[in-house]
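Structure assessment
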Amino acid sequence: MFVRSFSPAGDLNGVTARLDDLKKLGVNIVWLMPIHPDGQLKKKGSLGSPYAVRDYYAIDPALGTKDDMHRLVQETHKRQMKIIIDIVANHTAWDSVMMAHPDFYRKGKDGQITSPYDWTDVAALDYTNPKLRRYMTDMLLHWIKEFDLDGFRCDAAGEVPTDFWEQARRELEQAKPDLMMLAEASKPELLRSAFDMDYAWPMMHAVDDVVMNGNPATEIRETFEQQQKLFPKGALHLRMSDDHDEFRAVTRYGFPGAIAASVLMFTLDGAPLIYNGMEVGDSTQSRAPALFEPQKIFWQAGEWHPEYSKFYSEMDTLHHEHTALQQGATIWLHNSDEQHIVTYLRRSGAEEFLVAVNLSSTPFRGSVEASGNWKEIELPVSKPESVAVPFISLNAFEARIFQRQVQ
């Protein structure tokens, strides 16, 4: 969540006040986008970016105090949820307190501190400097020890040397053995030992290609299989269709399409992400330039789409209660319209789920390469039909999930 947009107050206490809602939704890890003071020198927009950090050890006064943060962590843990914060380790704001150590920064050919890429509001850190590595590791340890955090989502993790993350992980585990580390990257070597999970960007982009550009739905399977070959066995990916670097899912796919994409993310292997109001169908933008301006989640959107929060809550429950939907095997099934329809099994032990998703506005009346006795799981966004597998009907952007026990 983006703390300043998550509640009317836009602060840490506003998050604490909604923890019961998140628990009811089925969330078990709360991720706060950066909570540090935003840089003002060379800032973008009226507020500046939360990813231009002025002081890694501080909390933005607009978001609250250290006491507020302690209370948020304690209340999160009381509800058997974990909480992680965003760490922007690749770069800082130009007015960072770390500018007192110019040797911490990368220099251009002219000897001046430089920005990474065209990110002009931030300055690039230099991980060839052992002192910088020590500073950053100590900072991560501080947040674990001082606030009892459960881990970090690490921004632009692939831009920071992998050996830094691996060394830092070893030290962090001494303080927090069940640490959780999420890499904003799609880089196989990061999942060797440094991180528990990374971003499934290739899958999100494949869904974009199918829904927005009319590519064949077979691209979903092809992307999945390509990624399996690249990553260590059992690698865990964050499955997302909404993210602060993209236009919102309901903007890209439309309201029915956003639900279809979410069915994929909750039933493929990995950990599904519910981003910052998507549980009510919020369409408030949060990528640039909105990332740098005051924008609030429009929670009232839930009144227009009451089925959204029910859908996400039920999908969360389904995902949590069934091993087959977490790390079960994925078996792709042929169907009679593979231009538009994705069909696959998730299997673990004696339990199987059959998932059929229409990623187009073209209704489907056809068959899937499956047999046996299946019971349909009723979703808040669709009504079960009496037609039995292998024959399935799907309206535009509709999804169906079936379950059975294998003898």
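Residues numbered from 1 in each chain as written. Predicted model: local features only at pLDDT ≥ 70, side-chain atom pairs only at ≥ 80, totals over all residues. Heavy atoms only, no water.

**What to know about the overall build of the protein chain**
When helices and strands are tallied, the protein chain shows 11 helices and 16 strands. Taken over C-alpha atoms, the radius of gyration comes to 22 Å for the protein chain, in line with the 22 Å a tight globule of 407 residues would show. Along the three orthogonal principal directions, the C-alpha set of the protein chain runs to about 70 × 45 × 40 Å. Expressed as a percentage of the 407 residues in the protein chain, the buried residues total 57%. Considering only residue pairs separated by 6 or more positions, the protein chain has 69% of its internal contacts joining residues 24 or more positions apart. In the protein chain, which carries 42 positive and 58 negative side-chain charges, the distance between the mean positions of the two groups comes to 2 Å. (Helix = DSSP H or I, 4+ residues; strand = E, 2+ residues; numbered from the N terminus. Rg over C-alpha atoms; globule rule 2.2 N^0.38 Å. Buried < 20%, exposed > 50% of the residue type's maximum accessible area, 1.4 Å probe, protein only. Contact = heavy atoms within 4.5 Å. Lys, Arg positive; Asp, Glu negative; His and termini not counted. Charge placed at Lys NZ, Arg CZ, Asp CG, Glu CD.)

**Here we look at helix H11 (residues 306-321)**
Taking 1.5 Å per residue as the helical rise, H11 with its 16 residues ought to reach 22 Å, and the 24 Å between its terminal C-alpha atoms agrees with that figure. For H11, the complete set of buried residues consists of Tyr308, Phe311, Tyr312, Met315, Asp316, Leu318 and His319. Projected down its long axis, H11 carries its buried residues within an arc of 165°, all on one side. Set apart from the buried face of H11 by more than 90 degrees, the exposed residues are Lys310 and Glu321. (Expected span 1.5 Å × (residues − 1). Arc of directions from axis to C-beta.)

**Things to note about the pairing of strand S10 (residues 329-332)**
With burial as the criterion, only one face of S10 is covered, namely that bearing Thr330 and Trp332; the residues Ala329 and Ile331 on the opposite face remain uncovered. Summarising the sheet, S10 and strand S11 (residues 341-348) pair through four bridges and their orientation is antiparallel. The residue bridging Trp332 from the neighbouring strand is Tyr344, located in S11. (Pairing = 2+ DSSP bridges.)

**Digging into the packing of helix H7 (residues 201-213) against helix H9 (residues 249-267)**
Two numbers describe how H7 lies on H9: the axes approach to 11 Å, and their chain directions differ by 140°. It follows from the interaxial angle that H7 and H9 lie oblique. Between H7 and H9 lies a crossing whose hand is right-handed. Listed contacts from H9 to Met203, Met204, Val207, Asp208, Val211 and Met212 of H7 are Arg252, Tyr253, Ala261, Leu264 and Met265. Among the residues forming the contact of H7 with H9, the class breakdown is nine nonpolar, no polar and two charged. (Axes fitted to C-alpha atoms, helices over the stretch in contact; angles between N-to-C directions. Parallel < 35°, antiparallel > 145°, perpendicular 65-115°, else oblique. Left-handed = near helix turned anticlockwise from the far one by under 90°. Nonpolar A, V, L, I, M, F, W, Y, C, P; charged D, E, K, R; others polar.)

**Examining the sheet that holds S10**
Taken in spatial order, the five strands of this open sheet run S10-S11-S12-S16-S14, and their pairing is antiparallel. Of all the strands in the sheet, just S10 and strand S14 (375-377) have a single pairing partner and so form its edges. The average undirected angle you get between the axes of adjacent strands in this sheet is 25°. In terms of strand pairing, S11 meets strand S12 (residues 351-358) through eight bridges, oriented antiparallel. Bridge pairing in S12 places Thr343 opposite Ala356. Contacts between H9 and the sheet are confined to S11, S12 and strand S16 (399-405), with S12 contributing the most and set at about 155° to the helix.

**Concerning the sheet that holds strand S7 (residues 197-199)**
Either a parallel or an antiparallel arrangement is found when strands of a sheet pair, and the pairing is made through backbone hydrogen bonds. Strand order in the open sheet made by the seven strands is S1-S2-S5-S6-S7-S8-S9, with parallel pairing throughout. Sheet topology places strand S1 (29-32) and strand S9 (271-272) at the edges, where each strand pairs with a single neighbour. Two elements, S7 and strand S8 (residues 236-239), share three bridges in a ladder whose sense is parallel. When the bridges of S8 are listed, Met197 appears paired with Leu236.

**So, unusual backbone geometry**
Here Ala288 and Pro289 are connected by a cis peptide whose omega angle stands at 0°. As for its position among the elements, Pro289 is in the loop between S9 and helix H10 (301-304). Within the chain, Asp148 stands out as a residue other than glycine whose phi angle is a positive 60°. For Asp148, the position within the fold is in the loop between helix H5 (130-147) and strand S5 (151-154). Under the relative-accessibility criterion, Asp148 is labelled partly exposed at 38%. One non-glycine residue with positive phi stands out, namely Phe397, at about 55°. Here Phe397 is to be found in the loop between strand S15 (391-394) and S16.

**Observations regarding the nonpolar core**
Residues Leu32, Met69, Met136, Phe152 and Trp165 are the most contacted members of the largest nonpolar core, which totals 123 residues. Broken down by element, this core gets its largest block of residues, 11 residues, from H9. Discounting chain neighbours no more than four positions away, the residues touching Trp165 are Ala89, Leu140, Cys154, Ala157, Val160, Met181, Leu190, Ala194 and Phe195. By size, the runner-up hydrophobic cluster in this structure holds 13 residues, among which are Leu333, Leu354, Ala356 and Phe364. (Core = buried A, V, L, I, M, F, W, Y, C linked by side-chain atoms within 4.5 Å.)

**Structural notes on the pattern of salt bridges**
Tallying each qualifying case throughout the model produces 26 salt bridges. Between Asp150 and Lys176 there is a salt bridge whose closest N-O contact spans 3.5 Å. Pair noted here: Asp150 is in the loop between H5 and S5 and Lys176 is in the loop between helix H6 (162-175) and strand S6 (180-183), with a separation of 26 residues, a long-range link. Take Asp150: its relative accessible area is 4%, and that puts it in the buried class. Its relative accessible area of 10% is what places Lys176 among the buried residues. (Salt bridge = Lys/Arg side-chain N within 4 Å of Asp/Glu carboxyl O.)

**What to know about the environment of Asp243**
Along the chain, the position of Asp243 falls in the loop between S8 and H9. Measuring from C-alpha to C-alpha, the distance between Asp243 and Tyr275 comes to 6.4 Å, with 32 residues separating the pair along the chain. Dropping the residues within four chain positions of it, Asp243 is found in contact with Tyr199, Trp201 and Tyr275.

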